[in-house]
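Listed here are the chains, written in short residue letters.
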Amino acid sequence: MPSASDRTRGSGLTTALKIVGILALAAAVLSFPSFAANPFILSVGVVIMSYAVLATGWNFVGGFTGYMSLGHAAYSGLGGYATALLIIESGINPWLALVLGALLTAVIAVPVGIASLRVRGASFVIVSIAFVLILQLVFQSWGEFTGGSNGLRVPRPFGPDVLRPEQHERFFYLHAAVLAIALLTWWLIDRSRFGIGLKAIREDEDKAQALGIPTFNYKLVAFVVSAFFTAVGGGLYALWFGFLDPIFQFSILIGSYMVLMSLLGGIRSLFGPMLGALVVGYSVEFFKNEYGDTQFHLVATGLLLGLVVLFMPDGVLPALAALLRRFRPQESSIREVTQAELAEQRNSDPITQGAKR
Amino acid sequence: MTALHEQGAGQQESVRIGLAATGLSKAFGGVRAVHDATVAFHHGKINALIGPNGSGKTTFFNCVTGMIKPDSGTVTYYGADITGKAPHRIARAGVGRSFQLCRIFPRMTALENVLAAVRPPSKTRLLASAHHHGDVARARELLSRVGIEHLEGAEARALSYGQQKLLELAGVLMADPDTIMLDEPAGGVNPALIERIAGLVRSLNAEGKTFIVVEHNMELVMSLSDHVVVFDRGSQISEGPPSVVQNDPRVLEAYLGV
Ligand SMILES: Nc1ncnc2c1ncn2[C@@H]1O[C@H](COP(=O)(O)OP(=O)(O)OP(=O)(O)O)[C@@H](O)[C@H]1O
Ligand SMILES: [Mg+2]
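Our subject in this report is the structure included herewith. (Residues numbered from 1 in each chain as written. Chains lettered and ligands numbered in written order. Predicted model: local features only at pLDDT ≥ 70, side-chain atom pairs only at ≥ 80, totals over all residues. Heavy atoms only, no water.)

1. So, the overall build of chain A
Line of reasoning, step 1. Check the secondary structure of chain A and you find 17 helices and two strands.
Line of reasoning, step 2. Looking at chain A residue by residue over its 357 residues, the buried ones come to 48%.
Line of reasoning, step 3. For chain A, the share of sequence-separated contacts (at least 6 apart) that also reach a separation of at least 24 residues comes to 79%.
Line of reasoning, step 4. Just so you have it, chain A exposes about 16900 Å², and 69% of that area is on carbon and sulfur atoms. (Helix = DSSP H or I, 4+ residues; strand = E, 2+ residues; numbered from the N terminus. Buried < 20%, exposed > 50% of the residue type's maximum accessible area, 1.4 Å probe, protein only. Contact = heavy atoms within 4.5 Å. Areas by Shrake-Rupley, 256 points an atom, 1.4 Å probe, with all protein chains shown as cover.)

Spelled out as structure tokens, the structure:
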């Protein structure tokens with residue numbers, strides 16, 4: 001079959017292009033600190049990387065299963081507080097605290113997932129919001145342990161001899177490393193049997209279950225993995241920023257950012273959330289810098305979300321990919337035509353043709 | 001008539017019951033969709049489940065496959081109680097099903113649609129590539145068996161309705177069920193495709209698969225099935241070989257709505 005060999009050749013080329021693309025992306029990310037003109041730009045870079053980790057973490061559940069959690073700040077917040085409190089209360093190594101804090105958050109996510117993944121669609125969204133609001137109340141009022149509304153100072157992992165720009169740079173690379181691990185995990189799941197099961201759930205959960213997929217367990221695992229990576233993101237941010245405020249940590253706004261970034265970049269694609277984080281993170285910081293910390297970015301966020309959902313429901317990355325496909329080299333487009341024609345000819349087999357409705 | 005009866009009696013001796021329901025009921029508000037249904041389907045046969053519109057066939061399917069919890073009654077599969085079990089457990093016990101309004105995964109390719117039904121040999125193999133060599137080979141084999149192998153790379157939503165029905169069937173087969181329940185396989189497809197689907201059912205049955213087919217196309221039911229169950233208002237009103245059921249006055253009454 002000629003089309004089959006064409007396909008393999010085509011996919012070989014695509015793989016090579018993908019590898020080159022990923023290497024270029026990695027090089028661009030890793031060289032950013034040396035190009036950053038000043039510590040402020042560098043700190044914006046850290047914020048964007050933090051968003052990228054959170055959005056990629058969110059996408060383990062949002063992208064694979066289609067369950068849109070608006071309350072994922074619960075897990076970044078828990079990761080942050082768990083890391084800080086473990087260091088403060090038991091004096092353990094901050095990096096160990098980061099990992100333990102994320103694991104603890106993942107454990108907490110198990111019962112939350114069991115309770116909330118029973119409902120779908122809007123109900124799930126509401127339950128996710130409810131959970132983050134409960135956490136906000138708890139962390140605000142439990143003053144003696146969490147610092148309450150006064151906030152919590154997070155001990156610095158690097159000593160005072162490490163200067164600010166140096167701090168930013170280190171945290172930039174730490175975030176990049178966590179992001180790389182999250183992306184690798186997402187990619188591994190994406191191509192696996194588990195991943196195809198999760199995507200089947202996103203497409204049609206009842207159908208997936210009728211085919212024998214234990215949908216609830218699948219969703220729960222994805223949810224807990226998502227909570228884990230989101231918590232690592234939250235913990236790392238806490239170590240960098242050095243201060244936690246329950247109003248900000250457990251806000252719906254942070255959760256909405258994760259959703260917006262993922263939707264913008266495309267929840268079906270590996271790098272989608274990361275690209276969305278770049279766009280949203282940059283815009284948010286830009287607006288904050290230009291207009292101060294007003295409510296303006298809220299309006300902008302809302303507008304952006306609306307535009308994307310309306311005009312690019314698959315996200316920016318997939319929309320760009322579709323556009324690129326139109327400008328492919330002539331050779332491959334001819335091949336596409338022949339392949340399509342081939343399918344067409346077979347299609348004209350009256351049996352399946354006439355059934356078109 | 002006597003000859004027929006004897007033939008019926010002779011058959012009954014060798015009949016083994018696969019899927020069965022006893023006193024099964026399910027109401028939606030005031031609507032008794034399935035009401036005290038007692039039904040037994042024959043192992044290794046092509047069973048048909050017929051009845052007027054709204055007689056509860058689809059609801060019965062949903063209760064049996066765990067998609068809906070019945071209000072009362074029991075469902076057994078080769079003697080084992082499967083009432084109210086989760087759909088994936090019933091599927092894994094060997095019951096596959098299609099849906100009346102053809103359900104596929106629209107944004108996945110035809111090949112992925114079939115691969116989604118793979119049952120990993122163990123939990124540790126869950127992270128193995130979905131495009132595992134053996135799985136892909138089997139999925140392609142099934143796609144070509146239903147006659148749409150040339151569409152493996154196409155998104156399922158791009159297929160015609162008839163092709164989607166064939167794809168759904170290939171997915172069901174991938175899970176390797178012993179009993180296959182089809183809800184109106186001939187609904188909305190042209191006569192040539194109906195023949196193809198009927199041919200598939202026959203050959204799969206010859207390979208040992210038991211079928212339970214809901215169908216309104218009487219010509220197809222009569223030519224295809226070995227055993228017919230007739231539903232009216234949520235319960236069985238007649239059963240037997242097609243030739244017998246066809247002449248049952250209760251069936252005629254139900255269909256003519258006297
Ligand atoms: N989810 C539901 N909610 C409310 N009523 C329902 C529901 N599902 C089915 N019904 C009702 O139950 C009755 C049986 O419906 P069902 O779909 O099982 O019939 P059917 O025999 O499959 O009909 P058809 O041949 O038209 O497919 C109908 O009166 C229908 O309106
Ligand atoms: Mg029906």
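Having seen the model, we can carry on.
2. Quick word on the overall build of chain B
Line of reasoning, step 1. Helix and strand counts for chain B stand at 10 helices and 10 strands.
Line of reasoning, step 2. Against the compact-globule benchmark of 18 Å for 258 residues, chain B has a radius of gyration of 19 Å, which places it among compact chains.
Line of reasoning, step 3. Along the first, second and third principal axes, the C-alpha atoms of chain B reach 55 × 40 × 40 Å.
Line of reasoning, step 4. Within chain B, the fraction of its 258 residues that count as buried is 53%.
Line of reasoning, step 5. For chain B, long-range pairs separated by at least 24 residues make up 68% of all intrachain contacts whose partners lie at least 6 apart in sequence.
Line of reasoning, step 6. For chain B, the accessible area works out to roughly 11200 Å², and carbon and sulfur atoms hold 52% of it.
Line of reasoning, step 7. Distance between charge centres in chain B, computed from 25 positive and 25 negative side chains, equals 8 Å. (Rg over C-alpha atoms; globule rule 2.2 N^0.38 Å. Lys, Arg positive; Asp, Glu negative; His and termini not counted. Charge placed at Lys NZ, Arg CZ, Asp CG, Glu CD.)

3. Observations regarding the pattern of salt bridges
Where charged atoms of side chains with opposite charge meet at close range, the side chains can pair.
Line of reasoning, step 1. Counted under the stated rule, the structure contains 17 salt bridges over all chains.
Line of reasoning, step 2. Close ionic contact of Lys207(A) with Glu168(B) constitutes a salt bridge, the shortest N to O distance being 3.2 Å. Placement of Lys207(A) in helix 9 (residues 205-210) and of Glu168(B) in helix 6 (residues 161-174) is noted, with the two residues assigned to different chains. For the pair formed by Lys207(A) and Glu168(B), the shared burial category is buried. (Salt bridge = Lys/Arg side-chain N within 4 Å of Asp/Glu carboxyl O.)

4. Notes on the site of ligand 1
Residues and elements named next belong to chain B.
Line of reasoning, step 1. Near ligand 1, the surroundings consist of 14 residues, among which Asn-53, Lys-57, Thr-58, Thr-59 and His-216 are the closest.
Line of reasoning, step 2. Taking Ser-55, its main chain carries an N or O atom lying 3.2 Å from an oxygen atom of ligand 1.
Line of reasoning, step 3. In isolation ligand 1 has 630 Å² of accessible area, and contact with the protein removes 61% of it.
Line of reasoning, step 4. Of all elements in the fold, only strand 2 (31-42) and helix 2 (57-64) reach the threshold of two or more residues within the shell around ligand 1.
Line of reasoning, step 5. It is helix 2 that provides the largest number of residues to the shell around ligand 1, a total of three residues.
Line of reasoning, step 6. The class makeup of the residues in the shell around ligand 1 is four nonpolar, eight polar and two charged. (Near = heavy atom within 4 Å. Polar contact = N/O pair within 3.5 Å; in protein donor to acceptor, adjacent residues only side chain to side chain. Nonpolar A, V, L, I, M, F, W, Y, C, P; charged D, E, K, R; others polar.)

5. What to know about the coordination of the magnesium ion (ligand 2)
Line of reasoning, step 1. The magnesium ion (ligand 2) binds to the protein through Thr58(B) (OG1) and Gln100(B) (OE1), with metal-donor distances spanning 1.9 to 2.1 Å. Taken together, the residues Thr58(B) in helix 2 and Gln100(B) in the loop between strand 6 (95-97) and helix 4 (110-115) connect sequence positions 42 residues apart. (Donors = N, O, S within 2.8 Å, 3.2 Å for Na, K, Ca; no water.)

6. Some points on the sheet that holds strand 9 (residues 227-232) of chain B
Residue and element names in this part refer to chain B.
Line of reasoning, step 1. Strand order in the open sheet made by the six strands is 6-7-8-3-9-10, with mixed pairing throughout. The open sheet has two edge strands, strand 6 and strand 10 (235-240), and neither has a second partner. Between one strand axis and the next, the sheet turns through 20 degrees on average, direction left out of account.
Line of reasoning, step 2. With four bridges connecting them, strand 3 (residues 46-50) and strand 8 (residues 210-214) associate as parallel partners. Residue pairing across strands places Leu-49 opposite Val-214, the latter belonging to strand 8.
Line of reasoning, step 3. Of the strands in this sheet, strand 3, strand 6, strand 7 (179-183), strand 8 and strand 9 are in contact with helix 2, which crosses strand 7 at around 145 degrees. (Pairing = 2+ DSSP bridges. Axes fitted to C-alpha atoms, helices over the stretch in contact; angles between N-to-C directions.)

7. Some remarks on the side chain of Ser262(A)
All names here are of chain A.
Line of reasoning, step 1. Note on placement: Ser-262 falls in helix 12 (residues 252-265).
Line of reasoning, step 2. Take Ser-262: its relative accessible area is 0%, and that puts it in the buried class.
Line of reasoning, step 3. What Ser-262 contacts, discounting residues up to four positions off in sequence, is Ala-55, Trp-58, Asn-59, Ile-267 and Pro-273.

8. Focus: the interface of chain B and chain A
Line of reasoning, step 1. Taken together, the 49 residues of chain B in the interface contact 34 residues of chain A.
Line of reasoning, step 2. When chain B packs against chain A, close to 3600 Å² is buried across both sides, 57% of that on carbon and sulfur atoms.
Line of reasoning, step 3. The largest share of the area that chain B buries against chain A comes from Phe105(B), Arg107(B) and His150(B), three residues that together contribute 17% of it.
Line of reasoning, step 4. In this structure, the connection of chain B to chain A is made through four salt bridges.
Line of reasoning, step 5. The shortest N-O distance in the salt bridge between Asp204(A) and Arg103(B) comes to 2.8 Å.
Line of reasoning, step 6. Inspection of the chain B/chain A interface yields 14 residue pairs in polar contact (both at pLDDT 80 or more).
Line of reasoning, step 7. At the level of secondary structure, the elements contributing two or more residues to the side of chain B that touches chain A comprise helix 3 (87-92), helix 4, helix 6 and helix 7 (191-206) of chain B.
Line of reasoning, step 8. A per-element tally of the side of chain B that touches chain A places helix 6 of chain B first, with seven residues.
Line of reasoning, step 9. Among the residues making up the side of chain B that touches chain A, the classes are represented as 26 nonpolar, 11 polar and 12 charged. (Buried area = accessible area lost by both parts, 1.4 Å probe.)

9. Some details on the environment of Ala24(A)
Residue and element names in this part refer to chain A.
Line of reasoning, step 1. Here Ala-24 shows up in helix 1 (residues 2-35).
Line of reasoning, step 2. Overall, the relative accessible area of 44% leaves Ala-24 in the partly exposed class.
Line of reasoning, step 3. Residues Ala-24 and Ala-322, spaced 298 residues apart in sequence, show a C-alpha to C-alpha distance of 21 Å.

10. Regarding a nonpolar patch on the surface
Residue and element names in this part refer to chain A.
Line of reasoning, step 1. A surface patch of nonpolar side chains, amounting to about 330 Å² of accessible area, comprises Leu-96, Val-99, Leu-100 and Leu-103.
Line of reasoning, step 2. Positionally, Val-99 belongs in helix 4 (residues 94-116).
Line of reasoning, step 3. The exposure class of Val-99 is partly exposed, given its relative accessible area of 43%. (Patch = residues over 30% accessible without salt bridge, like charges linked within 9 Å, V, L, I, M, F, W, Y side chains within 5 Å.)

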